[in-house]
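# Fold and geometry: a report
Each chain, written out:
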Amino acid sequence: MRRTFARGGVHPPQRKELTSGVAISSPAPPAIVTIPLHQSIGAPARAIVKAREEVACGQLIAEPGGFISAPVHASVSGKVKRIAAFPTSIGPSVECIQIESDGQDTWVPDVNLGASECTAALAKSPEDLLATLAGAGLVGLGGAAFPTAVKLRPPPGGKVDTLLLNGAECEPYLTADHRLMIEEAPGIIAGLRVLMRVLGIERAVIGIEDNKPDAVETMRAAVDEIGGVSVEVCCTAYPQGAEKQLIQAILGREVPSGKLPLQVGVVVQNVATAFAAFEAVVRHKPLIERVVTVSGGAVAEPKNLRVRIGTSLEDLVAHCGGVRGELGKLIMGGPMMGKALKSFDIPVVKATSGVLLMDEVEAAQVDEQACLRCGRCVQVCPQGLMPCDLAAMANHGRLEGFGDGADCVECGCCQFICPAGRRLVHSIRFGKSDYRRLKAAEKRQGA
Ligand code: SF4
Ligand code: SF4
């Protein structure tokens, strides 16, 4: 049975054929990396190295800056060039550690890049495994970048019974997870078992959209003899890979408004995060690289690249033959939820699943007009919201009734379908942060 979520959703052009058949390649490490200290949800990490210090690949260079935070490691060996603010996808001025590579790619001791046997690692205690994942700087690689170790610690009284491994990859163009499932299935499954052991649970489900039949087949073969683990096929629909929608589609559980998946006994992790867990525990390798899809009509050779964190988009695109024709738009992430960028001088971070170079046709947008009150945005909202009204409230500062807006997952379905070209997500995002500020101020005044 093919599963899907209960309401809303859209079917944007997939364009995955540009890279779905392109095997992951690993270009040589770049001459210079710029590694942001703020790469996850929560507090930025704190640098523990100084300019001109020699570092090895995989060396800890920044410690977590709070409970919700993740450490950062050197992604090349060489010398720290400087620690300063650089433009990143998070903001125009984010503290980064820039390292000049010595070209040797010398790793810290203990890292065993060829290891694959996981029996000994899986015999470790859940606490030891959790400490390893935290120390390796793992964050959710599906785009949210929430520190993995924090997500794997349910609050007191919280009971998790199922791990949902997200292989939906519903964003158009992106195929990094698809290729990883085909090429690294044993590692993903080993990582899945690590995550299950940490959570102390016996059940896991891997959700994959039906536009990736080869990944479904490969992952089913990989879980064949593992009790309690199954692969479920979902319809190709956006946003099938959003946490709440995937939980609803596969487990039939509804995460209540304002609550987290933990509330319904579920932890969701991305397939790439599971693979990173395998590398951390079995290979002792911290999170210093990831697979990124580089695609779009304006890139000469679309590819899936395994690249070091801190690699500039300029280097990334050079590995793909450069820009072809007129560039309409540069996006980090997918076309539905990604961020438009103005420069190639931006580093890849842990959350970078894709880099899209859209040509002028792909990037074309309808000129913004007044709302037609057609209701299409309401029909497609998977969260059951009224996007047109939320955007109007946000635009006019009428935030008293904005409460429901907190449930917006910023999927972009409303904006995609709007015939009037309304920039709904942009407005709602501002509305959400204004509403949070308003509520915090009210709380302070009432205190
Ligand atoms: S209002 Fe939010 S959740 Fe609903 S379609 Fe728009 S972006 Fe998605
Ligand atoms: S889809 Fe666009 S035009 Fe139609 S109601 Fe929503 S905001 Fe208005």
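This report concerns the structure included in the present document. (Residues numbered from 1 in each chain as written. Chains lettered and ligands numbered in written order. Predicted model: local features only at pLDDT ≥ 70, side-chain atom pairs only at ≥ 80, totals over all residues.)

### Digging into the overall build of the protein chain
Within the protein chain, the regular secondary structure consists of 14 helices and 16 strands. Relative to its length of 447 residues, the protein chain is compact, with a C-alpha radius of gyration of 21 Å against a globular reference of 22 Å. Projecting the C-alpha coordinates of the protein chain onto the three principal axes gives extents of approximately 60 × 55 × 50 Å. Within the protein chain, the fraction of its 447 residues that count as buried is 50%. At a minimum sequence separation of 6, the contacts of the protein chain that also span at least 24 residues come to 74%. (Helix = DSSP H or I, 4+ residues; strand = E, 2+ residues; numbered from the N terminus. Rg over C-alpha atoms; globule rule 2.2 N^0.38 Å. Buried ≥ 20, exposed ≤ 12 C-beta atoms within 10 Å, placed from the backbone. Contact = placed C-beta atoms within 7 Å.)

### Remarks on the site of ligand 1
Taken together, 14 residues are adjacent to ligand 1, and Cys381, Pro387, Cys408, Cys411 and Cys414 come closest. Among the secondary structure elements, those contributing two or more residues to the shell around ligand 1 are helix 13 (413–417) and helix 14 (424–446). Sort the elements by how many residues they give to the shell around ligand 1 and helix 14 lands first, with 3 residues. Considered class by class, the residues forming the shell around ligand 1 number 11 nonpolar, 2 polar and 1 charged. (Near = placed C-beta within 6 Å. Nonpolar A, V, L, I, M, F, W, Y, C, P; charged D, E, K, R; others polar.)

### Let's talk about the sheet that holds strand 7 (residues 94–101)
One open sheet accounts for 4 strands, arranged 1-7-6-3; its pairing is antiparallel. At either end of the open sheet lies a strand with only one pairing partner, and these are strand 1 (32–36) and strand 3 (54–55). (Pairing = 2+ DSSP bridges.)

### With respect to helix 2 (residues 126–135)
Every buried residue belonging to helix 2 is among Leu129, Leu130, Thr132, Leu133 and Ala134, and all of these are buried. On the buried face of helix 2, the contacting elements are helix 3 (148–151), helix 5 (185–199) and helix 8 (271–282). Directly after helix 2, the chain includes glycine 137, whose backbone phi takes a positive value near 75°.

### Topic: the pairing of strand 10 (residues 229–234)
Pairing of strand 9 (residues 204–209) with strand 10, which is carried by 6 bridges, proceeds in the parallel orientation. From the neighbouring strand, alanine 204 faces strand 10, where its bridge partner is valine 229. With respect to chirality, the unit in which strand 9 leads through helix 6 (residues 213–222) into the neighbouring parallel strand 10 is right-handed. (Right-handed = clockwise from strand over helix to strand, strands pointing away.)

### Quick look at the sheet that holds strand 5 (residues 72–73)
Pairing is antiparallel in the open sheet, where 3 strands are placed in the order 2-4-5. Strands with a single pairing partner mark the edges of an open sheet, and in this sheet they are strand 2 (46–47) and strand 5. Relative to strand 5, strand 4 (residues 60–63) is paired through 2 bridges, and the arrangement is antiparallel. Bridged to alanine 62 within strand 5 is valine 72.

### Digging into the pairing of strand 12 (residues 289–295)
Buried residues dominate strand 12, accounting for 7 of its 7 residues. Side chains of strand 12 alternate between two faces, with Glu289, Val291, Thr293 and Ser295 and Arg290, Val292 and Val294 buried alike. Bridge count between strand 12 and strand 13 (residues 303–308): 6 bridges; the pairing is antiparallel. Counterpart to valine 292 in the pairing with strand 13 is leucine 305.

### Focus on unusual backbone geometry
Generally, phi is negative for residues other than glycine and the peptide bonds are trans, each holding for most cases. In this model, tyrosine 238 is joined to proline 239 through a cis peptide bond whose omega is 5°. Looking at the secondary structure, you find proline 239 in the loop between strand 10 and helix 7 (243–251). Even without being glycine, tyrosine 173 reaches a positive phi, approximately 75°. Topologically, tyrosine 173 is positioned in the loop between strand 8 (162–167) and helix 4 (176–183).

Functional significance is not addressed by these values, which are geometric in nature.
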